[in-house]
Amino acid sequence: MCLALPARIVAALDAPHQVLAELGGVRKAISIELTPEARVGDYVVVHVGHALAVLDADEAERTLALFGELSAQQAAEPPS
């Protein structure tokens, strides 16, 4: 299964079309070549190191909260 997650752009990098994005405290350089309108502070949907779309902040935070709930549920379940 492939998964694309919302991440917040925290800094522009010197390389063309490269920014630093943060998700869950992890920072990673990603490409915004497909979303040149993305700016520092924006949330973007990231898949395999590329921003695919810019997201509304409220939608991104709701999505991240849902992933957090799923993770907590999985952690609470006994191993099978």
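Above this text you will find the structure in question.
Described below are features of the structure shown in this document. Keep in mind that what you see is a predicted model, and the values were worked out from it rather than measured. (Residues numbered from 1 in each chain as written. Predicted model: local features only at pLDDT ≥ 70, side-chain atom pairs only at ≥ 80, totals over all residues. Heavy atoms only, no water.)

**Remarks on the overall build of the chain**
- When its secondary structure is counted, the chain shows one helix and five strands.
- Listing every helix and strand of the chain by position from the N terminus yields β-β-β-β-β-α.
- Projected onto its principal axes, the C-alpha coordinates of the chain cover approximately 45 × 25 × 20 Å.
- Each of the 80 residues in the chain was classed as buried or not, and the buried ones make up 24%.
- Counting contacts in the chain only where the partners sit at least 6 residues apart, residues at least 24 apart contribute 31% of the total.
- Averaging the locations of the 5 positively and 11 negatively charged side chains of the chain gives two centres separated by 5 Å. (Helix = DSSP H or I, 4+ residues; strand = E, 2+ residues; numbered from the N terminus. Buried < 20%, exposed > 50% of the residue type's maximum accessible area, 1.4 Å probe, protein only. Contact = heavy atoms within 4.5 Å. Lys, Arg positive; Asp, Glu negative; His and termini not counted. Charge placed at Lys NZ, Arg CZ, Asp CG, Glu CD.)

**Some thoughts on a nonpolar patch on the surface**
- A grouping of Leu-3, Phe-67 and Leu-70 is seen on the molecular surface, where their side chains present a nonpolar patch of about 260 Å² in accessible area.
- Looking at Phe-67, the relative accessible area reads 31%, which means it is partly exposed. (Patch = residues over 30% accessible without salt bridge, like charges linked within 9 Å, V, L, I, M, F, W, Y side chains within 5 Å. Areas by Shrake-Rupley, 256 points an atom, 1.4 Å probe, with all protein chains shown as cover. Salt bridge = Lys/Arg side-chain N within 4 Å of Asp/Glu carboxyl O.)

**Thoughts on helix α1 (residues 57-76)**
- Taking 1.5 Å of rise per residue, 20 residues should cover 28 Å, and α1 covers 29 Å from first to last C-alpha, within 8% of that figure.
- With a side-chain oxygen positioned 3.0 Å from the backbone nitrogen of Asp-58, the residue opening α1 is Asp-56. (Expected span 1.5 Å × (residues − 1). Polar contact = N/O pair within 3.5 Å; in protein donor to acceptor, adjacent residues only side chain to side chain.)

**What to know about the nonpolar core**
- Of all hydrophobic cores here, the largest spans ten residues; its members are Ala-7, Ile-9, Val-19, Ala-21, Ile-30, Ile-32, Ala-38, Val-44, Val-46 and Ala-51.
- Those residues in contact with Val-46 that sit more than four places away from it in its chain are Leu-3, Ala-4, Leu-5, Ala-7, Ile-30 and Ala-51. (Core = buried A, V, L, I, M, F, W, Y, C linked by side-chain atoms within 4.5 Å.)

**Examining the pattern of salt bridges**
- As enumerated under the stated definition, the model contains two salt bridges in all.
- Here Glu-22 and Arg-8 are joined by a salt bridge, their closest N and O atoms 3.8 Å apart. Here Glu-22 is found in strand β2 (residues 18-23), whereas its partner Arg-8 is found in strand β1 (residues 5-12), with 14 residues between them in sequence.
- With relative accessibility at 32%, the residue Arg-8 sits in the partly exposed group.
- Across the pair Glu-22 and Arg-27 runs a salt bridge, and its minimum N-O distance is 3.5 Å.
- Salt bridges here are not isolated pairs; linked through shared partners, they connect Arg-8, Glu-22 and Arg-27.

**Comments concerning the side chain of Ser-31**
- Of note, Ser-31 is situated in strand β3 (residues 26-31).
- There is a polar contact of 3.1 Å between the side chain of Ser-31 and the backbone nitrogen of Glu-33.
- Beyond its immediate stretch of four places on either side in the chain, Ser-31 contacts His-17, Gln-18, Gly-49, His-50 and Ala-51.

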